[in-house]
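# Architecture at a glance
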Amino acid sequence: MAEERTAYGWGLASIDAAGNTLDVWYPTLAVGAAPAEADRPNHDFGVLVHDEPDARGVRRVPVFTVTSLDEPIANAEDAYLKLHLLSMRLAKPNTLNLDGIFAQLANVVWTNYGPFAVPDFSLRKADVEAAATAAAQSFAANAGLPAVAPAATVNVFGVDKFPRMIDYVVPTGVRIGDADRVRLGAHLSEGTTVMHAGFVNFNAGTLGVSMVEGRVSQGVVVGNGSDIGGGASIMGTLSGGGKLRNSIGEHSLLGANAGIGISLGDNCVVEAGLYITAGTKVTIWDKAKAAAGEPLEVVKGADLSGKDNILFIRNSVSGRIEARYRKTGIELNEKLHKN
């Protein structure tokens, strides 16, 4: 019987007035068996802890969480620990059991003042802004400064189950153009650049130096030296409920506004604007057969999934989609990705 894989750590949980866990921040985590309670060092969160609700109606309390990496998500604390493991690069995408994660995560209003519960957000927003205004006026009076209009405003980043990654984990050696477009649980390897229009979902990401200008959906991994072009997309596992996980190998290019519903192997290219799905009819280009007037083989896109050294193009004369042999892969700009 295989030994159970576990991880553990101290976190700071935000609890709303109804007792729901809105989020948990884990500064550090460890993979392995958790120490016994008597041997467990405490993490001092200092003034960040408050047992009484603040103006948001939220308490912040320390929690010690132990999770099984192979069991379904048990609660919100468990979910956040696994998402942190992915973004901290302590686990790669598709190596953790994330079953049940949507049921265990609350829908949250994410703001510059932290998470709010959805039901009473409007009232709590007013309370927070009033408290911030009073604090600003008190500071001005004590400092002998003239009263000014308060600049404190609750800005909403989104209403979702998943927060932005960099509010919890900032991985080294990575560039991210727009923080809103990388969810907690994304796995970004050293040398990854996510441009402003790029998007990386949870349980997805890069395994090496990569350029992400398109969409990397849940469950998708991109190999070292590969480029996801602007507006490009890769079918994930969420929207259709499927279990097939697509990936891109090393030194491959998904052209601008292109897309795939199959995996690409190493040294592959999908030309700009071309979408290849599992059912797409693809003609295997053979120069000798074509010269002799012999029929060319036609296969489904699924038959080429994960194969190396393929150039996918649409023949501008016949309109058919063709797969041609490609000897070498692409090379990314080394200076651009030296983060």
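The rules we used
- Residues numbered from 1 in each chain as written.
- Predicted model: local features only at pLDDT ≥ 70, side-chain atom pairs only at ≥ 80, totals over all residues.
- Heavy atoms only, no water.
- Helix = DSSP H or I, 4+ residues; strand = E, 2+ residues; numbered from the N terminus.
- Polar contact = N/O pair within 3.5 Å; in protein donor to acceptor, adjacent residues only side chain to side chain.
- Contact = heavy atoms within 4.5 Å.
- Phe/Tyr/Trp six-rings, centres within 6.5 Å; stacked < 30°, edge-to-face > 60°.
- Buried < 20%, exposed > 50% of the residue type's maximum accessible area, 1.4 Å probe, protein only.
- Patch = residues over 30% accessible without salt bridge, like charges linked within 9 Å, V, L, I, M, F, W, Y side chains within 5 Å.
- Areas by Shrake-Rupley, 256 points an atom, 1.4 Å probe, with all protein chains shown as cover.
- Salt bridge = Lys/Arg side-chain N within 4 Å of Asp/Glu carboxyl O.
- UniProt positions renumbered as here; feature names shortened; annotations may be inferred.
- Domains from an automatic or database assignment.
- Buried area = accessible area lost by both parts, 1.4 Å probe.

### Observations concerning the side chain of Glu129
On the secondary structure map, Glu129 appears in helix H3 (residues 121–142). In this structure the side chain of Glu129 is engaged in a polar contact, spanning 3.0 Å, whose partner is the backbone nitrogen of Val154. The residues contacting Glu129, other than those within four sequence positions of it, are Ala152, Thr153 and Val154.

### With respect to the packing of aromatic side chains
Taken as a whole, this structure holds eight aromatic pairs when the rule is applied. Between Phe116 and Phe121, the aromatic rings sit 5.2 Å apart at their centres with planes inclined by 85°, giving edge-to-face as the arrangement. The burial state of Phe116 is the same as that of Phe121; both residues are buried. Measuring from centroid to centroid gives 4.4 Å for Phe162 and Phe202, while their planes differ by 15°, and the two rings are stacked. One end of the pair, Phe162, is in the loop between strand E7 (156–160) and strand E8 (175–176); the other, Phe202, is in the loop between strand E11 (199–200) and strand E12 (204–206), and 40 residues separate them in sequence. As far as burial versus exposure is concerned, Phe162 and Phe202 are alike and both buried.

### Notes on a nonpolar patch on the surface
A grouping of Val118, Val156 and Val159 is seen on the molecular surface, where their side chains present a nonpolar patch of about 220 Å² in accessible area. Position of Val118 among the secondary structure elements: in the loop between strand E6 (114–117) and H3.

### A word on the UniProt feature "active site" (unreviewed entry) in the chain
Mapped onto this structure's residue numbering, the UniProt feature "active site" (unreviewed entry) falls at Glu213. Its place among the elements puts Glu213 in the loop between strand E13 (210–212) and strand E14 (215–216). By relative accessible area, which is 28% here, Glu213 ends up partly exposed. Not counting residues up to four positions away in its chain, the partners in contact with Glu213 are Met195, Ala197, Gly198, Asp227, Ile228, Gly229, Gly230 and Gly231.

### Here's the deal with the domain arrangement of the chain
Partitioning the chain into domains gives domain 1 (6–104), domain 2 (114–159) and domain 3 (165–325). Here the C-alpha centre of domain 3 lies 33 Å away from the C-alpha centre of domain 1. Facing 17 residues of domain 1, the contacting portion of domain 3 comprises 23 residues. Summed over both partners, the interface of domain 1 with domain 3 comes to about 1,600 Å²; 62% of that surface belongs to carbon and sulfur atoms. Sorting the residues of domain 1 by area buried against domain 3 places Ser87, Arg89 and Asn94 first, and these three jointly supply 41% of that buried surface. In this structure, the connection of domain 1 to domain 3 is made through one salt bridge. The shortest N-O distance in the salt bridge between Glu190 and Arg89 comes to 3.7 Å. When residues of the side of domain 1 that touches domain 3 are traced back to their parent elements, those giving at least two are strand E2 (21–25), helix H1 (76–87) and helix H2 (101–104).

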